[in-house]
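One-letter residues, chain by chain:
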2 protein chains.
Amino acid sequence: MESVKIFLNESEMPRHWYNIQADLPKPMPPVIHPGTHQPIGPQDLAPLFPMGLIEQEMTQERYVEIPDEVVDIYRLWRPSPLVRARNWEKALGTPARIYYKWEGVSPAGSHKPNTAVAQAWYNKQEGVKRITTETGAGQWGSALALACNFFDIECKVFMVRVSFDQKPYRRLMMQSWGATCIPSPSDHTEAGRRILEESPDTPGSLGIAISEAVEEAAARDDTKYSLGSVLNHVMLHQTIIGLESLKQFEMAGDYPDIVIGCVGGGSNFAGFAFPFMRDKLVDGKDTRVVAVEPKACPTLTKGLYRYDFGDTACTTPLLRMYTLGHRFIPAPLHAGGLRYHGMAPSVSHLYHEGLIEAKAYHQNECFEAALGFARAEGHLVAPETSHAVRAAMEEALACKDRGEAKVIAFNASGHGHFDMGAYEKYFAGEIVDYAYPEQKVAEALADLPPID
Amino acid sequence: MESVKIFLNESEMPRHWYNIQADLPKPMPPVIHPGTHQPIGPQDLAPLFPMGLIEQEMTQERYVEIPDEVVDIYRLWRPSPLVRARNWEKALGTPARIYYKWEGVSPAGSHKPNTAVAQAWYNKQEGVKRITTETGAGQWGSALALACNFFDIECKVFMVRVSFDQKPYRRLMMQSWGATCIPSPSDHTEAGRRILEESPDTPGSLGIAISEAVEEAAARDDTKYSLGSVLNHVMLHQTIIGLESLKQFEMAGDYPDIVIGCVGGGSNFAGFAFPFMRDKLVDGKDTRVVAVEPKACPTLTKGLYRYDFGDTACTTPLLRMYTLGHRFIPAPLHAGGLRYHGMAPSVSHLYHEGLIEAKAYHQNECFEAALGFARAEGHLVAPETSHAVRAAMEEALACKDRGEAKVIAFNASGHGHFDMGAYEKYFAGEIVDYAYPEQKVAEALADLPPID
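Residues numbered from 1 in each chain as written. Chains lettered and ligands numbered in written order. Predicted model: local features only at pLDDT ≥ 70, side-chain atom pairs only at ≥ 80, totals over all residues. Heavy atoms only, no water.

Undergrad: Outline the interface of chain A and chain B, supporting the account with residue identities and numerical values.
TA: Across the boundary between the two partners, chain A contributes 48 residues, which contact 48 residues of chain B. Of the roughly 4400 Å² buried at the junction of chain A and chain B (both faces included), carbon and sulfur atoms supply 56%. Counting the contacts that link chain A with chain B gives four salt bridges. Between K5 of chain B and E10 of chain A there is a salt bridge, and its shortest N-O distance comes to 3.0 Å. (Contact = heavy atoms within 4.5 Å. Buried area = accessible area lost by both parts, 1.4 Å probe. Salt bridge = Lys/Arg side-chain N within 4 Å of Asp/Glu carboxyl O.)

Structure (C-alpha cells):
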C-alpha cells in the first residue's frame, strides 16, 4: 500500500532557508525612503528591527543557516506532512495527482510560526526584551505570542478592536502563551489616544493597529516591532515549507507540474513556491507557479505595480509592489489574512517579470471547494487556504477534461478551527461575492507617491 | 540530534486491534438484561447495532483484523505522532523522560474518529443507511459525522440543546461533513416531544439525547445507533493508539514505566493503555497504569462497583461498572467528555482487580498544568486531556524529588481549539473546584437495580 502522507524525519529537516534574491534574473527594485526618495540603508530600519533581520532583509546569499535553537522549536511540529489527496482525486474523478503541504499541524494552526520563531530568536540575540505587533483576526498575533514565549520575550499584540470583541478565541490563545493582547485603538499610544478622542466607538483597523505597534517599538529602547508578511526576511523564513516539500517529493518519486498558494501579503505562497522557483530559474524546470487571491482584494490581478507605502498611515519606507493603493478599504471578506492592499515586493517582482501566474476567486466558490476537500480529506481549512484549494480543484478538473495526469501541489496554510463562523455564513447563504471595481484601482493612482 | 517526534510510517501501522478480553486473568462479569436479569445475547442488541459490532462486543479473540477500508481512512491522519516532551521536561526540571501520544492531529481533533470510522464501516457492510447518536459538547458527534461522510451514511446527531446554542462551532463541523445536527430535546421523537411538552425551555441533557437517538434507531429498519465510548467494541477500536505507541517506543529504544490517560467513559484511556496492559498481564512488565478523572465526577475513585444502567432513562442493559448512580447530575465541568456517571466495564474490571490505578483532580490544577504544557510544548490541549497532563506532571515532579529517571507516557487525546471559552474562565478565576460528596454516592445505592 502506497503512503498517503510523506513524513520527513527531523534529522532530514532542511538546515538552511532559501533566498530567492540570489537567483533572480533581474534584481528587485530598491526600497525607497519616503522623504529623500533614495534607497534606504540598514540604519533606516534599525529603530524597528534587530540588525540580524535587517541583514536578512538585504542579503543576496542563496542559503541562510537556520540557527540551532530555531530548529529546536521547529521540531515541535516540523517537518510538516506532505499529503497525497487520493480521496479528493477520486471524488473529483481526475487523473491528476494532487498533493498538499499541511501547515495546520503547528500549535498556532498555520504557517505563521515559521517566521515568528525565527524573528523572536534574532531579537533575543540582540537583547530585545519586548516585541510589539498588530493582528487582525489573530493568526499572526497568536504565532508571535507562541514564539516569544519560547525565548522569554514579552509580546504585546495590538488587535483590531472589532476582532478583539468578536473573536475571543484567538486572543485567548495569545494569553495562554503569555502574551498581552489589547484592543486597538488603545490609550497606550499617541496614535491610539488621538483616534479614541475623535471617535471613541471606532471598530479599529489594521492600519491603526500597525501605527500603535510601530509607535511603541520606536519609542522604547528595549522594544522592537515584528511583521508577519511582505518583507524579504519573512519570505526567507517561510521557505522551510517548500524546502521540506522538495525532499518529500523526492521521497515520493514525484515532482509538481503546478505549484499553488494563496496570497495576502505573500508569505505562505513564497514559502512554499520559492524553492520550486529555484528549480525553475536555475535548473530550467517547467513548473507553473500560481498565486491565488480574492476578487475582493485583487492585488496582483487588478493592482498597479508602483511604489507605495506598506501602511495606511504613510509611515513606512516605499516598496515597489502590486498595490490597490494604501487607502484601500477591503469589503467584508472572511479570509482575514488576504485583505492587504499590497503584496510582498519579491512576489510582485516575479509576477511583473512574468515568472509566476495569478488568479482571483470569489468567496463562495472557495468555500464550496473547501467543503469538497473536507468531505474527501477530512481537514477543514482556513478561509485563506480555501483559495488555494479552489485553484487546485480547477486545475484538477482541467486535467480531467483533457485527460492529463499532471501533478498539482498546493500549500494548505492553516486549519479553519477558529473560522467556523465564516462557514456558518456560507451555509446560510449570507456570503456576498464582491469584485473590487477596476475604477477604484485607477483612482488610487492619485494617492501614490510620485516615483516610478 | 535526537528526534522529538517519533513518526511511524503508514506501512508500519498496526493491521489488528487488540482485545484485552483474551488476556484478562479473570473474565468480566456478563452484561445483564434489565427485565430477566439473565446475561444478554446478540439478539438483544440487534435492534441498535449491526451484527459485526455485536460480535466484537462479545469476542474473546486476542486480535481483530482492521478492515482495509478502515485503514485507508485512518491513513488520512494516522499513525499519529508520539512526541518526547523535552521542553516540558526542562521546564519541570525533571530527570524523567515524558512522552505524549498526540491524537489532536485527526480532522475532528481527538481520538474519537478511531472508533467512529470503524463503526460506520461495519454498519455500511450490513446495509445500514442512517446512524443516530447523541453528543454533548460535540466531540463525538463531529467524529461520527466525519466517519459517516466517508461511507455515504446519513448521520443524525441529537445535540444537547444548551451546547447546540452555546457552542455553534462543533455543530458547524458536523454540518461541514454533511451530518444533520439538531438540538435535543426535539419534536422528532416521542421522548423529545414528551419533555418539550412538560418543559419547553429545558436546556436538555445527555440522558435525553441518548433516549432520542436510541428511539429513532429502534423505530427504523434502515437506522442504527452508535455509541462513542463505554462498550467493549469501542475500546477495541481505540487500541490502535496504544499499538502504534508500542512500535514507536521500540523505535525510540524506550519503554514507559507509567502509562496515563484521562477517563470519562474510558475509551481514550483504554485505547492507549490496553496494549501496554497486555505486556503487563502476559509478559509480566512492571508498568503502572493510571486512569485520571475529575473530582467533580469521581467514578473510579469514589463510585460503587455495581450493576447499573448505562443511561439515565433506564433503557439499556445492565453493566457491571463503577458508577455514581444513573441519576448522577454533574456539577458544571468544562471537561464535557468526563461527565459520565459510569465507566467502561472493561476499565472498571481492571480497576476492581487492582491491575490499574486511579487518580482524581480538581479543574483548576488541571488547567494550570495544561498551560505549563502549552508554554513548553506549544499545543493547547482539551480540558479532558488536561487531567492526563496534570497526572503526568505530578509523576514527573515526584521523579525530580526522588532523583528518578522514570519514563512517563500519556495520551494527549485532543486539542482545545473549541474549548478556549473554558480557558477564558480559568484566566478570569471563574472556575469553581467542586468535589462530588461521598454521601451522595452512598445515596445513589438506593437507585441501583438489586443485583450483585
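Undergrad: Outline the pairing of strand β7 (residues 154-160) of chain A, supporting the account with residue identities and numerical values.
TA: Residues and elements named next belong to chain A. With six of seven residues buried, β7 is to be regarded as a mostly interior element. Pairing of strand β6 (residues 130-135) with β7 involves six bridges; the strand directions are parallel. When the sheet's bridge partners are listed, T135 is paired in β7 with M159. For the crossover that starts at β6, traverses helix α6 (residues 139-150) and ends in the parallel β7, the hand is right-handed. Relative to strand β8 (residues 180-184), β7 is paired through five bridges, and the arrangement is parallel. By the bridge assignment for β8, V160 is matched with S184. (Buried < 20%, exposed > 50% of the residue type's maximum accessible area, 1.4 Å probe, protein only. Helix = DSSP H or I, 4+ residues; strand = E, 2+ residues; numbered from the N terminus. Pairing = 2+ DSSP bridges. Right-handed = clockwise from strand over helix to strand, strands pointing away.)

Undergrad: How would you explain the relation of the copies chain A and chain B if you had to name every residue and give the values?
TA: What connects the two chain copies is a rotation about an axis and a shift along it. Of the transformation placing chain A onto chain B, the axial shift is 0.0 Å and the rotation is 180°, giving an RMSD of 0.0 Å. As the rotation angle and translation indicate, the two copies are arranged about a two-fold axis. When you check the interface residues of chain A against chain B, 100% turn up at the interface there too, and the contact is symmetric in its surfaces. (Least-squares fit on C-alpha atoms with pLDDT ≥ 70 in both.)

Undergrad: Account for the sheet that holds β6 of chain A, with residues named and values stated.
TA: Residue and element names in this part refer to chain A. Taken together, the four strands give an open sheet; going across it, the order is β8-β7-β6-β9, and neighbouring strands pair in parallel fashion. Two strands bound the open sheet, and with one partner strand each, they are β8 and β9 (223-225). Taken over all neighbouring pairs, the strand axes of this sheet differ in orientation by 25° on average, direction set aside. Contacts between α6 and the sheet are confined to β6 and β7, with β6 contributing the most and set at about 160° to the helix. Packed on one face of the sheet, helix α10 (residues 206-219) meets β6, β7, β8 and β9 and runs near 170° to β6. (Axes fitted to C-alpha atoms, helices over the stretch in contact; angles between N-to-C directions.)

Undergrad: Tell me about the pairing of strand β13 (residues 318-323) of chain B, and name the residues and values.
TA: Residue and element names in this part refer to chain B. With respect to burial, β13 is a largely interior element, six of its six residues being buried. Looking at chain direction, strand β12 (residues 304-309) and β13 are connected through six bridges and run antiparallel. Along β13, the bridge assignment pairs D308 with L319.

Coordinates in, geometry out; function isn't part of it.
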